[in-house]
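Reading the structure
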Amino acid sequence: MSEGTPRQSPRSASAKHFLSDKVEHFTESVIRERTRQAMLYGAVNLAQGFPDFAAPAEIKQAAQQAVAADVNQYAITWGAKNLRNAIARQMGVWQGISVDPEKDITVCCGSTEAMISTLLAVCNAGDEVVIFEPFYENYGPDSVLSGAKPKFVKLHPPTDAGGEWTFDEKELRQAFDRHTKAVILNTPNNPTGKVFTRAELELIRDLCVEFYVLALTDEIYEHILYDGTEHISMASLEGMRDRTVTINGMSKTYSVTGWRVGWAVAPEKITNAIRKVHDFLTVGAPAPLQEAGAAALSLAPEYYTKLAEGYRRRRDRLVPALAAAGFHCFQPRGAYYVMTDISGFGFADDIAFTRHLVKEIGVAAVPGSSFYRDPRDGARQVRFAFCKKPETLDEAARRLAKLHPRQG
Ligand SMILES: Cc1ncc(COP(=O)(O)O)c(C=O)c1O
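Residues numbered from 1 in each chain as written. Predicted model: local features only at pLDDT ≥ 70, side-chain atom pairs only at ≥ 80, totals over all residues. Heavy atoms only, no water.

With that settled, consider the sheet that holds strand 5 (residues 180-186). Spatially, 2-8-7-6-5-3-4 is the arrangement adopted by the seven strands of the open sheet, whose pairing is mixed. Each edge of the open sheet is held by one strand with a lone partner, namely strand 2 (105-108) and strand 4 (149-154). Strand-to-strand twist across the sheet, computed as the mean angle between neighbouring axes with direction ignored, equals 20°. Taken together, the four bridges between strand 3 (residues 128-133) and strand 5 define a ladder with parallel strand orientation. In the sheet register, E128 faces strand 5, and the bridge partner there is T180. Helix 3 (residues 81-95) rests against strand 2, strand 7 (244-249) and strand 8 (262-265) of the sheet, and its axis sits at about 120° to strand 2. (Pairing = 2+ DSSP bridges. Helix = DSSP H or I, 4+ residues; strand = E, 2+ residues; numbered from the N terminus. Axes fitted to C-alpha atoms, helices over the stretch in contact; angles between N-to-C directions. Contact = heavy atoms within 4.5 Å.)

Before going further, it helps to spend a moment on the environment of K154. Assignment of secondary structure puts K154 in strand 4. Each C-alpha atom of the pair K154 and F386 lies 24 Å from the other, and the pair is 232 residues apart in sequence. Not counting chain neighbours up to four residues away, the residues in contact with K154 comprise E133, T166, F167, E171, Y372 and D377. A polar side-chain atom of K154 sits 3.0 Å from a polar atom in the side chain of D377. (Polar contact = N/O pair within 3.5 Å; in protein donor to acceptor, adjacent residues only side chain to side chain.)

The local shell around the ligand holds 14 residues, among which T112, D218, Y221, S251 and R260 are the closest. Here N190 contributes a side-chain N or O atom positioned 2.7 Å from an oxygen atom of the ligand. Between an oxygen atom of the ligand and a side-chain N or O atom of Y221, the distance comes to 2.6 Å. Across the complex, the protein chains shield 92% of the 400 Å² of accessible surface that the ligand would expose by itself. Looking at which element gives the most residues to the shell around the ligand, the answer is helix 4 (residues 110-122), with three residues. (Near = heavy atom within 4 Å. Areas by Shrake-Rupley, 256 points an atom, 1.4 Å probe, with all protein chains shown as cover.)

Moving on: the pairing of strand 10 (residues 337-341). Across the five residues that make up strand 10, a large majority, five, are buried. Burial along strand 10 is two-sided: the residues Y337, M339 and D341 and V338 and T340 are all buried. The sheet contact formed by strand 9 (residues 328-330) and strand 10 spans three bridges and is antiparallel. Counterpart to C329 in the pairing with strand 10 is T340. Between strand 9 and strand 10, which pair antiparallel and follow one another directly, the connecting turn spans six residues, one of which, A335, has a positive phi of 60°. As defined by bridge partners, strand 10 adjoins strand 13 (residues 381-385) across five bridges and the pair is classed as antiparallel. Opposite V338, over in strand 13, you have F384 as the bridge partner. (Buried < 20%, exposed > 50% of the residue type's maximum accessible area, 1.4 Å probe, protein only.)

Two elements in contact, helix 10 (residues 302-325) and helix 12 (residues 390-400), have axes separated by 9 Å at closest approach and are oriented at 5°. Classified by the interaxial angle, the pair formed by helix 10 and helix 12 is roughly parallel. Between helix 10, through R314, R317, L318, A321, L322 and A325, and helix 12, the contact on the second element is made entirely by P390, L393, D394, A397 and L400. (Parallel < 35°, antiparallel > 145°, perpendicular 65-115°, else oblique.)

Below, the discussion takes up the pairing of strand 2. Side chains of strand 2 alternate between two faces, with I105 and V107 and T106 and C108 buried alike. Where strand 2 meets strand 8, four bridges bridge the pair, whose relative direction is antiparallel. Note that in strand 8 the partner of V107 across the bridge is W263.

Looking now at the packing of helix 1 (residues 30-41) against helix 11 (residues 350-361). Across the interface, helix 1 lies against helix 11 with an axial gap of 9 Å and an inter-helix angle of 35°. Side by side, helix 1 and helix 11 meet where R34, Q37, A38 and Y41 of the first sit next to T354, R355, V358 and K359 of the second. Its residues assigned to classes, the contact of helix 1 with helix 11 comprises three nonpolar, two polar and three charged. (Nonpolar A, V, L, I, M, F, W, Y, C, P; charged D, E, K, R; others polar.)

Attention now moves to a nonpolar patch on the surface. Side chains of F18, L19 and V23 sit close together on the surface and give an oily, nonpolar patch of about 350 Å² of accessible area. Tracing the sequence through the fold places F18 in the segment before helix 1. (Patch = residues over 30% accessible without salt bridge, like charges linked within 9 Å, V, L, I, M, F, W, Y side chains within 5 Å. Salt bridge = Lys/Arg side-chain N within 4 Å of Asp/Glu carboxyl O.)

If you walk across this open sheet you meet the four strands as 9-10-13-12, and the pairing is antiparallel. One side of each edge strand has no neighbouring strand; the edge strands of this open sheet are strand 9 and strand 12 (366-367). When strand 12 meets strand 13, the two strands line up antiparallel, connected through two bridges. Residue pairing across strands places P367 opposite V382, the latter belonging to strand 13. Against the sheet, helix 10 contacts strand 9, strand 10 and strand 13, and its axis sits at roughly 15° relative to strand 10. Contacting strand 12 and strand 13, helix 11 crosses the sheet at an angle of about 40° to strand 13.

Honestly, it's all geometry; don't read function into it.
Listed below in structure tokens is the structure:
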């Protein structure tokens, strides 16, 4: 037993001493913080992208049956066989991509873990990762945690009604160089609702081939499409199968964001590296929910048609309500968010606006700055999620009607 005050270490006694430098380079998730605020103020939560309606009965039953049948121990680290078989089969059916369920798939705790496991598996310190912005907020911290440097390329908002978000070919090319390890692509896109066209994907493909770069594609909204748009997987393009990691999951397609089941599909060598990282990060995704995943991926094709149609109706309920309240809306072609321009309201910035919205109006939304590296780029934008029941959207619309532009 020691007596008295222990001897002080001569090492730095600063508050930061016990922390990693990495965590200095990003903040807590703004989106998830907004959900906590929505709860605090009793606001309608159109901030975070989770459905407030029931998941399909068939898959809930499958999960219950799996628990009852004692599928309650660790699944195979890289994923339950039934689920991997179902993923491989459906990638063939939906995108014509041939996948070996034994060698090419890693099932993870959500596509969130699939993305960071992939980045940790492929990046070295000093590597650069190209990210389109506005971006899903995880990609920046994911790159930093994996030791890579994010490099951002702008998606420019449409300038006319009915137009699309676009990127400039020259700006994209400038982002690629000998340090580029990967480009992260999210289509259908959160937060813009953009669905990348074949021509755009081919352009990105050509750069990946020229600069020997990997494409990491987050396709989690693959089935949520509007206005006749088509989802094209990067891995289905000629020359890309061997240099693409396709990331997807159950959260959005089956309305089970809390289940935490996602996957990464990649060529065998890359898969082996992802599996190693995944094993030591989490060991595996929830076993009974993976069995339910196999049932989910076996639902009839009508399920997906109804899913997209349901979201189209929700979009067409919220967007006119936002427009009537004074927002300029960028019409989404996929996913379940609408990005808006708030210039008409005369607020100092997106933070002041969303604070007013959640406290005084009772609607939570995400400030646009959280989707950009430089907050000023998103200072006039706010994102709303419409993955909600019609009555939730109607209540939000009633509240939004109380919004008035600020004078002066
Ligand atoms: C683009 C994108 N990727 C990934 C995720 C998270 O997916 P998961 O629940 O599979 O981790 C989200 C959730 O909002 C998202 O919008």
